[in-house]
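Fold and geometry: a report
Now for the letters of each chain:
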Amino acid sequence: MSDTATRVEIESVAAGGDGVGRTEGMVVFVPRTAPGDIALVHLASGKRFARGRLERLERASPLRVDPPCPHYVIDRCGGCQLQHLAYDAQLTAKSGIIGDTMRRIGKRQVEAPHVVPSEAQWRYRRKLTLHLRRTGRAWIAGLHPYDDPVAVFDLQDCPITAEAVLAVWAELHPAFDLLPDERALRVAVRLAELGASVVVEGGSTWPTSDRFFARVPSVAELWWRPENGRLRRLATRSGGIGSGASFVQVNARVAQSLREHVLERVRSHAPARVVDAYAGMGDTALPLAADGRTVVAIELDREAVERFRDRLVPPSSAIVGRVEDHLAAALPADVVLLNPPRAGVDARVTAALESAARPPSAILYVSCDPATLARDVARMPRYRVASLRAYDMFPQTAHVETVCELVPEAA
């Protein structure tokens, strides 16, 4: 860092949540700043880009609000990035990020999309993952500061997380001594249909897992991913297949609104055959098959497929495997649904869609990362953007969900 502070006017918000300004022709990214701020910033060395540390505000933006979470201010919590922005300004920032990314990376001249707001801007999260660190005989359970990916502060509250999730965490604390004997672990609590699910990551042995489960009666399922091992379920109180360790919707109301929009757009094309890639728990495959359409659902998680396969109306079917290994054989289709993880789709997926002898009438791409969405769209010049809509699944954070509808350029 330089010893003297530089005066920077913040113009916008970048993907990731940093404020963006310029000084002497150099772009500067400054966490916890807002468009309209005049900030005194310590700059790291750089030529075209630099990261800055906010020293103080010379003039505060009218878009600023006081963050209600003490951890955001005192501990520099990295879980949220936008608590200092008014909610309307958060939506504007996310819309701008998507539009800019689609134009710059996706090579599509689109308008910044409307972002559907979340009814609940606080206490909406149905999942909370914390880092556990052993300090002597005690444990700290918390998150990383945004500027220190190693340190962990002790979390007392998380105002974007549902109180029911925090209640489970309070029940877990006295049982920490029964976790795997390691210095560091990751533990996630998810609210699922049949109760809370807990996932423990780390350790090579866990002889006390039965005792741990017995100590936490509100937990319906216990899962463990050992070091360099596969995730597996250790215990359940449901008496059968439960809601699982994956595919829990963090913000259930927004997820439902997004799903209804996707189904409406798919049905608008009157498809006879649909490929639902990255099908998850079958939330879109099942209603489309119930319409009388033939749906081919592709999902890597075998247990997830087993939960919905028997409910698919024939001749619809489900395939366990990687989308890139099965999509080409599943084509042609009238509509293809893509709902990949944050990393986006494998290049073989876009190649199959770009080279299909009969292109689908529409591709519905649901993305949790504008950059990988734009990259994947750029790989498919055969298609144009017919519609673009975003959903604020994660208020107070820089994350946003986008639904991109692609149709053949000639359509």
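This is a predicted model, so every value here is computed, not measured. (Residues numbered from 1 in each chain as written. Predicted model: local features only at pLDDT ≥ 70, side-chain atom pairs only at ≥ 80, totals over all residues. Heavy atoms only, no water.)

Turning our attention to helix H2 (residues 87–104). Taking 1.5 Å of rise per residue, the 18 residues of H2 would be expected to cover 26 Å, and the 26 Å separating its terminal C-alpha atoms lies within 8% of that figure. Those residues of H2 that sit buried are Tyr87, Ala89, Gln90, Leu91, Ala93, Lys94, Ser95, Ile97, Ile98, Gly99, Thr101 and Met102. Of the surrounding elements, those touching the buried residues of H2 are strand S1 (6–13), strand S6 (115–116), helix H10 (370–378), strand S19 (383–391) and strand S20 (401–408). (Helix = DSSP H or I, 4+ residues; strand = E, 2+ residues; numbered from the N terminus. Expected span 1.5 Å × (residues − 1). Buried < 20%, exposed > 50% of the residue type's maximum accessible area, 1.4 Å probe, protein only. Contact = heavy atoms within 4.5 Å.)

A word on the packing of aromatic side chains. Tallying each qualifying case throughout the model produces 5 aromatic pairs. Linked through ring pairs, Trp139, Trp169 and Phe176 together constitute an aromatic cluster. Directly above the aromatic system of tyrosine 72 lies the positively charged group of arginine 32, at a separation of 3.7 Å from the ring centroid. Sitting over the ring of phenylalanine 213, arginine 237 keeps its end group 3.8 Å from the ring centre. (Phe/Tyr/Trp six-rings, centres within 6.5 Å; stacked < 30°, edge-to-face > 60°. Lys NZ or Arg CZ within 6 Å of the ring centre and 35° of its normal.)

So, on to the sheet that holds strand S8 (residues 138–143). Strand order in the open sheet formed by 7 strands is S9-S8-S7-S10-S11-S12-S13, with mixed pairing between adjacent strands. Here the strands that pair on one side only, and so sit at the sheet edges, are strand S9 (153–154) and strand S13 (232–236). Both S8 and S9 contribute to a ladder of 2 bridges, which runs antiparallel. Directly across from leucine 143, in S9, lies its bridge partner phenylalanine 153. (Pairing = 2+ DSSP bridges.)

This paragraph deals with the packing of H2 against H10. Relative orientation of the contacting elements H2 and H10 amounts to 30 degrees, with a least axis distance of 9 Å. Here H2 is positioned roughly parallel relative to H10, judged by the angle of their axes. With respect to the hand of their crossing, H2 and H10 are arranged in right-handed fashion. Touching Ile97, Ile98, Thr101 and Met102 of H2 are Pro370, Ala371, Leu373, Ala374 and Val377, all from H10. Residues of the contact of H2 with H10, tallied by class, amount to 8 nonpolar, 1 polar and no charged. (Axes fitted to C-alpha atoms, helices over the stretch in contact; angles between N-to-C directions. Parallel < 35°, antiparallel > 145°, perpendicular 65-115°, else oblique. Left-handed = near helix turned anticlockwise from the far one by under 90°. Nonpolar A, V, L, I, M, F, W, Y, C, P; charged D, E, K, R; others polar.)

With that settled, consider the nonpolar core. Grouped burial of nonpolar side chains is what soluble globular proteins tend to show. Among the nonpolar cores identified, the biggest contains 70 residues, and Leu132, Trp169, Leu172 and Phe212 are the most heavily contacted of them. Looking at this core, the element that brings in the most residues is helix H5 (residues 252–268), giving 6 residues. If we ignore the near neighbours within four places in the chain, the residues touching tryptophan 169 are Leu128, Leu130, Leu132, Ala141, Phe176, Val187 and Val189. Of all hydrophobic cores here, the second largest spans 36 residues; its members include Leu331, Val349, Tyr383 and Val385. (Core = buried A, V, L, I, M, F, W, Y, C linked by side-chain atoms within 4.5 Å.)

Another point: unusual backbone geometry. The omega torsion across proline 314 and proline 315 is 10 degrees, close enough to zero to call that bond cis. Relative to the helices and strands, proline 315 resides in the loop between helix H7 (302–308) and strand S16 (317–320). That bond from leucine 331 to proline 332 is cis: its omega, 5 degrees, falls within 30 degrees of zero. For glutamate 24, which is not a glycine, the phi torsion comes out positive at approximately 50 degrees. Relative to the helices and strands, glutamate 24 is located in the loop between strand S2 (19–23) and strand S3 (26–30).

Scope: geometric values only; no functional claims are made or implied.
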